[in-house]
Amino acid sequence: MKTTSKSWNRRKFLEFMGRTAAVGAVAGVGLPSLSALSGLSRAKAAKSAEGRLPFKSLKPQISDQVVLADGFMHEILIRFDDVINSKGERFGFNNDFINFVELNGKNDLLLWVNHEYTSHLLVSGLTEEDLKAGRKTKDQAIREQDTVGGSILRVKRGKDGRFAVVKNDPLNRRITGRTPIPMIVDRPIQGTKTAIGTISNCAGGKTPWGTFLTCEENYDGSYGEAHFAPDGTRTLTPSWADGWETYFPYPPEHYGWVVEVEPKTGAAKKLTGLGRFCHECATTVRAKSGMPVVYTGDDANDEFIYKFISKEKNSLERGTLYVADTVNGRWLPLDLEQDARLKKAFKDQTELLIRTREAARIVGATPQDRPEDVGIDPATGAVLVALTNNKKKGNFHGSLLKIEEKGGDYGSLDFKASTFLAGGTATGFSCPDNMAFDLKGNLWITSDISGSSIGKNEYTPFGNNGLFYVPLSGPEAGKVFQVASAPKEAELTGPCFSPDGRTLFLSVQHPGEESPSLDALTSHWPDGGSSKPTPAVIQISGPALDALIGAKA
Ligand code: FEO
Ligand code: CA
Ligand code: CA
């Protein structure tokens, strides 16, 4: 939706323009734009953003296509079920977070892609009725487990400027719902320090030492959840989506963690110190002390924003987890040894970490409206948190929250919180989810209106989900321009710019996810006709993107 100056909420505009460059050098990682931005002054960026944008904002769309504003083009990089290596491993389902490390310069990358969840219909051919009747077989459960986790792919740019997957490259591999993964933890959890598989891999991050972080979000949809009575008695509730516990009764406590993956070997470990909840993302920066700091949100109604301050310079295995009190601007430690209330409630720190949400409530953390991605504004160093919505509280369109750490130090325990940008018809976007910054430091956001809500009631004006460009400097600063629209019921996720900024990798996740049966598919993207909808990673490029970042074609 095009935003006019008339429709722009003045109060929000003033808040937005309150951005200052007070925070010191940004030592962020996982955002390819950051290093490229060093030396780029705000004044220069503003100058380059002057004048008209090189594209016209898309109007909301309802078609079953990836629709792009003029001046952008896209093509599919890889899609579900493509074979990626000589072992016959296949690209997983519902691709989400994307990041990379450079292998040999800017055009030869090792890409990480999350696979958030499976589909009983599109992977196993089972309807809701089939599930209720217990018709999922063990083999089907195994097949589904193989479609989640993450993929590591070598991609190279050809002479035509486009990236392609290097088929059968020895570095191509899958980590799945069946891969044994050690947990970095003080003591065994339910009798072991090894979990089977990583699941619900939503967003993530990259560390300063070049490893990927993949976040386990809605883990209780696969193996259920463990609940604890005040006397410590443990009970289990069943999963709400996959029912894998029928054949594989793995402890729910083995999921809901942040997982660190070494790109070249695929070696993975679950970092229990960052807490256990519906982790959306893990955005890593360095405190002034040089220690890594990870911001991570719990994407559920009235859950919390956390940060982890490591005790080791190039590791996230030991450190302190804090939760945000955004009313008073304080990070509250979730450490048994620092809080008698926590010591009384949990038998040890591992127990506290397993039950992080309970600990956060005990210390008085501030409930949030579903924290999704966390981004670091490369010009100001401010921490932006996408609060996607909280329908129960009447917040349908969400906002971006700005956290400014005291003294510009990510290691600080004091901060100021304010609204950066609000969703709604005035701005033209709803339900912000992922964020990325381009080479000019401007913001790109994706929206996640749930498939069942798209085009209905409060969401009617927004059409399908989209990708939006938000200039952060120049005359259009703070306005929201739509660049891409997703196919039916899909979400565009994991935006990730190539090192030269001229390609945007983007996931098209869950097209047609409301389909009731294979005979009544609601999307046929990307093949059209009567084909099954298929999640895929696309690459977006074009003269408009080049112009936005000042790249020469
Ligand atoms: Fe998987 Fe909160 O998005
Ligand atoms: Ca998300
Ligand atoms: Ca989401």
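Higher on the page you've got the structure.
How each quantity is defined
- Residues numbered from 1 in each chain as written.
- Chains lettered and ligands numbered in written order.
- Predicted model: local features only at pLDDT ≥ 70, side-chain atom pairs only at ≥ 80, totals over all residues.
- Heavy atoms only, no water.
- Phe/Tyr/Trp six-rings, centres within 6.5 Å; stacked < 30°, edge-to-face > 60°.
- Helix = DSSP H or I, 4+ residues; strand = E, 2+ residues; numbered from the N terminus.
- Buried < 20%, exposed > 50% of the residue type's maximum accessible area, 1.4 Å probe, protein only.
- Donors = N, O, S within 2.8 Å, 3.2 Å for Na, K, Ca; no water.
- Salt bridge = Lys/Arg side-chain N within 4 Å of Asp/Glu carboxyl O.
- 1 Å grid on protein atoms, 1.4 Å probe; cavity = no way out; pocket = protein on both sides within 12 Å on 5 of 7 lines; lining within 4 Å.
- Points joined across faces, edges and corners; volume = space filled by probe spheres on them.
- Nonpolar A, V, L, I, M, F, W, Y, C, P; charged D, E, K, R; others polar.

## Things to note about the packing of aromatic side chains
The final tally for this structure, using the stated rule, is 20 aromatic pairs. Ring geometry for Phe55 against Phe72: centres 5.2 Å apart, planes inclined by 80 degrees, an arrangement best described as edge-to-face. In this pair, Phe55 sits in the loop between α3 (42-48) and β1 (67-68) while Phe72 sits in the loop between β1 and β2 (73-79), placing the two residues 17 residues apart along the sequence. Taking the relative accessible area as the measure of exposure, Phe72 reaches 10% and is therefore buried. When the centroid spacing of 5.7 Å and the interplanar angle of 65 degrees are considered together, the rings of Tyr223 and Trp244 count as edge-to-face. Residue Tyr223 is found in helix α6 (residues 220-223), and its partner Trp244 is found in the loop between β13 (234-237) and β14 (258-261); the two are separated by 21 residues along the sequence. The same class applies to Tyr223 as to Trp244, namely buried.

## Some thoughts on the coordination of the calcium ion (ligand 3)
Binding of the calcium ion (ligand 3) to the protein goes through Glu372 (OE), Glu372 (OE), Asp433 (OD) and Asp448 (OD), at separations of 2.1 to 3.1 Å. In primary sequence terms, the donor set of the calcium ion (ligand 3) follows E-x60-D-x14-D. In this structure, the calcium ion (ligand 3) lies 3.4 Å from the calcium ion (ligand 2), and both are coordinated by Glu372. With Glu372 in strand β23 (residues 371-376) and Asp448 in the loop between β28 (443-447) and β29 (466-470), the pair connects residues that are 76 residues apart, well separated along the chain.

## Quick notes on the pattern of salt bridges
Across all of its chains, the model carries 32 salt bridges by this definition. The salt bridge involving Asp81 is made with Arg90; its shortest N-O contact spans 3.8 Å. Judged by relative accessible area, which is 39%, Arg90 ranks as partly exposed. Within this structure, Arg187, Asp348, Glu351, Arg355 and Glu358 form a network of salt bridges that share partners.

## Side note on the layout of surface pockets
Taken as a whole, the second largest pocket encloses approximately 380 Å³ of empty space. Taken together, 19 residues make up the lining of the second largest pocket; nearest its centre are Asp186, Arg318, Gly319, Gln349 and Leu353. When residues of the lining of the second largest pocket are traced back to their parent elements, those giving at least two are β20 (319-325) and α8 (349-354). Across the lining of the second largest pocket, the residue classes tally to 7 nonpolar, 6 polar and 6 charged.

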